[in-house]
Amino acid sequence: MNGTPETPEEAPEAPPAAAGEPMPVPPAPEPGPEPSEADPALLAEGVRIAEALIYASDRPVTPAMLAAVLPEGLTATAVAAALAEACEGRGVVLTEVAGGWAFRTAPDLAQRLTKVVQAPRRLPRAAMEALSVIAYHQPCTRGEIEEIRGATLSQTTLEALLELGLIAPRGRREVPGRPTLWGTTPKFLEQFGLKALSDLPRKEELVTAETAPALPLGPAPAEPQAAAEPEPDDASPEDEPPAPPTP
């Protein structure tokens, strides 16, 4: 034997196919075993962790935040789906809002809770109007907000929206004076229960109690109905047939 190391013999190459014969097709690899579902005990632990995190968090829990504390082998989406299923029929439901998950009161219990839970103070009308303009036209300047509203925007109203974290500056418009551009924040989505700005209702659907026409509280009176179908000009009370006698 010489000192040179032995090399493994190479597999002989397949002979070339003759003219007119189809090329040989290599056999397809055998399918591997399908991934098994998550261990029920591991999934139950992940659901408990997610429930505790969402309950303790002061803001919606994003998938990245949840994935950072879950055991290996679990995904945030699967755990959130299991938690949402576990909350069905309970007093709170898991809601996807502002790019994350948060607990919200079950919709069918909201009316009962208003009797004992103090409702948060509503924003003044001027602040709500300015916030609506910013939400639908962002980024926009203060002058553009005033032009759309048809009224001036006080500095107090703007500062109130800033303190609540509902709006934030979004740079400056490159025009003389370089006014500040304003836009909404994730806090705005969380406050109004929206996943994204695309979930805002269309402008045509926005009919509030202040802008809608006044409606009667009871049944409509008979006079408007009679006015909808006017009688001929030559009709008079004497020409009307007498009412049938009541039994």
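Description of the structure in this document. Nothing here was measured: the structure is a model prediction, and the numbers come from that model. (Residues numbered from 1 in each chain as written. Predicted model: local features only at pLDDT ≥ 70, side-chain atom pairs only at ≥ 80, totals over all residues. Heavy atoms only, no water.)

### Some words on the pattern of salt bridges
Should the charged atoms of two oppositely charged side chains come close, the side chains can pair. Scanning the entire structure with this criterion turns up 8 salt bridges. Notably, a salt bridge pairs Arg149 with Glu129, separated by 3.0 Å at the nearest N-O pair. One end of the pair, Arg149, is in helix 6 (residues 142–149); the other, Glu129, is in helix 5 (residues 125–137), with 20 residues separating them in the sequence. On the accessibility criterion, Glu129 (29% relative accessible area) is partly exposed. Here Glu146 and Arg142 are joined by a salt bridge, their closest N and O atoms 3.7 Å apart. (Salt bridge = Lys/Arg side-chain N within 4 Å of Asp/Glu carboxyl O. Helix = DSSP H or I, 4+ residues; strand = E, 2+ residues; numbered from the N terminus. Buried < 20%, exposed > 50% of the residue type's maximum accessible area, 1.4 Å probe, protein only.)

### Concerning the nonpolar core
Counting 18 residues, the largest nonpolar core has Leu131, Ile134, Ile145, Leu161, Ile167 and Phe188 as its most contacted members. Broken down by secondary-structure element, the contributors of at least two residues to this core are helix 5, helix 7 (155–163) and helix 8 (186–191). At 6 residues, helix 5 tops the list of elements feeding residues into this core. Once residues lying within four places of it in the same chain are set aside, the contact partners of Ile167 are Leu131, Ile134, Leu158, Leu161, Leu162, Trp182, Gly183, Thr184 and Thr185. Ranked by size, the runner-up nonpolar core spans 16 residues in total, among them Val61, Val79, Ala82 and Leu83. (Core = buried A, V, L, I, M, F, W, Y, C linked by side-chain atoms within 4.5 Å. Contact = heavy atoms within 4.5 Å.)

### Structural notes on the packing of aromatic side chains
Two measures describe an aromatic ring pair: the distance that separates the ring centres and the angle between the ring planes. Overall, the coordinates contain 1 aromatic pair when judged by the stated rule. Look at Phe188 and Phe192: their rings are 5.0 Å apart centre to centre, the planes differ by 50°, and that puts the pair in the tilted class. Taking relative accessible area as the criterion, Phe188 reaches 4% and is therefore assigned buried. (Phe/Tyr/Trp six-rings, centres within 6.5 Å; stacked < 30°, edge-to-face > 60°.)

### Here we look at the pairing of strand 1 (residues 92–97)
Of the strand pairs in this sheet, strand 1 and strand 2 (residues 100–105) are connected by 6 bridges, and their pairing is antiparallel. Within strand 2, the position partnered with Leu94 by the bridge is Phe103. Joining the antiparallel neighbours strand 1 and strand 2 is a turn of 2 residues, in which Ala98 adopts a positive phi near 55°. (Pairing = 2+ DSSP bridges.)

### Thoughts on the side chain of Glu190
Mapped onto the secondary structure, Glu190 falls in helix 8. One buried charge, Glu190, has no salt-bridge partner; the nearest side chain with opposite charge is Lys187, at 4.4 Å. (Lys, Arg positive; Asp, Glu negative; His and termini not counted.)

### A word on the environment of Thr62
Following the sequence through the fold, Thr62 ends up in the loop between helix 1 (40–56) and helix 2 (63–67). The partly exposed category is assigned to Thr62, whose relative accessible area is 27%. With residues near it in sequence (within four places) discarded, Thr62 still touches Gly99, Gly100 and Trp101.

### So, the side chain of Thr184
Counting through the fold element by element, Thr184 comes out in strand 4 (residues 180–184). Looking at Thr184, the relative accessible area reads 8%, which means it is buried. Not counting chain neighbours up to four residues away, the residues in contact with Thr184 comprise Ile134, Ala135, Gln138, Leu166, Ile167, Arg170 and Leu197.

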